[in-house]
Amino acid sequence: MSVPVRPSVAGMRRAVFDALALPGRFSHISALADTVVTGALGEARVLVVDEAQRLPVPCVQYLQTLWTTLARGSRWCVAGSCRRSGNSPRSA
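Residues numbered from 1 in each chain as written. Predicted model: local features only at pLDDT ≥ 70, side-chain atom pairs only at ≥ 80, totals over all residues. Heavy atoms only, no water.

### Quick notes on the overall build of the protein chain
Formally: In this text, helices come from DSSP runs of H or I with a minimum length of four residues, and strands from runs of E with a minimum of two, each type numbered from the N-terminal end. Note on exposure labels: buried denotes an accessible area under 20% of the residue type's maximum, exposed denotes more than 50%, and partly exposed covers the range between, all computed with a 1.4 Å probe on protein chains only. Every residue pair with non-hydrogen atoms within 4.5 Å of one another is taken to be in contact. Here the open area of atoms and residues is found with the Shrake-Rupley method and a 1.4 Å probe, where only the protein chains shown may cover a residue.
Looking only at helices and strands, the protein chain features three helices and two strands. Going from N to C terminus, the protein chain has its helices and strands arranged as α-α-β-α-β. Across the 92 residues in the protein chain, those meeting the buried criterion constitute 28%. The contacts of the protein chain with a sequence gap of at least 6 include a subset with a gap of at least 24, amounting to 62%. Put simply, the protein chain shows about 6,100 Å² of open surface, and 56% of that area lies on carbon and sulfur atoms.

Written out as structure tokens, the structure is:
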């Protein structure tokens, strides 16, 4: 799944719903949308999160919440480039 531009938790919720190609309409009521998404992730699936380095902390926490509530049949791959800022310490 692609990370939306300027991602929010609501945007991530919609991106996961769309990436899973779930039937029906997306519910803008977060509890209903999360129930549908976690139900689908309870089945054996693979979800690849591209450009994950752009995710703000609340979006990462949302994905972590999904991961901890779903069955272990699903697999996640979080992809993105690792960047180092100019003032960060270098690894040995």
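### Concerning the environment of Arg-14
On the secondary structure map, Arg-14 appears in helix α1 (residues 9-19). For Arg-14, a relative accessible area of 35% puts it in the partly exposed group. For the pair Arg-14 and Phe-26, spaced twelve residues apart in sequence, the C-alpha to C-alpha distance is 7.2 Å. Among residues more than four places away in sequence, those in contact with Arg-14 are Phe-26 and His-28.

### Regarding the pattern of salt bridges
Put simply, the test is: Put simply, a salt bridge is a Lys or Arg side-chain nitrogen that is within 4 Å of an Asp or Glu carboxyl oxygen.
For the coordinates displayed, the defined rule picks out two salt bridges. Between Arg-13 and Asp-34 there is a salt bridge; the shortest N-O distance is 2.7 Å. Taken together, the residues Arg-13 in helix α1 and Asp-34 in helix α2 (residues 30-41) connect sequence positions 21 residues apart. We note that Arg-13, like Asp-34, is buried. Close ionic contact of Arg-14 with Asp-18 constitutes a salt bridge, the shortest N to O distance being 3.1 Å. Pair noted here: Arg-14 and Asp-18 are both in helix α1, with a separation of four residues, about one helical turn. A relative accessible area of 44% places Asp-18 in the partly exposed class.

### Considerations on the confidence of the model for the protein chain
Formally: Note on scores: pLDDT gives the predictor's confidence for each residue, bounded by 0 and 100.
Taken over all residues, the pLDDT of the protein chain has a mean of 76, while the share at 70 or more is 75%. Looking over the protein chain, one finds the lowest element-wise mean pLDDT in strand β2 (residues 75-78), namely 60, and the highest in α1, namely 90. Predicted confidence for residues 81-92 stays below pLDDT 50, and this span has five contacts to residues more than four positions away or in other chains.

### Some details on the nonpolar core
Selection rule: Grouping buried Ala, Val, Leu, Ile, Met, Phe, Trp, Tyr and Cys residues that are joined through side-chain atoms within 4.5 Å yields what is termed a nonpolar core.
Of all hydrophobic cores here, the largest spans 21 residues; its most connected members are Met-12, Val-16, Leu-20, Val-37, Leu-55 and Leu-63. Ignoring sequence-local partners within four residues, the contact set of Leu-20 consists of Val-37, Ala-40, Leu-41, Arg-45 and Leu-47.

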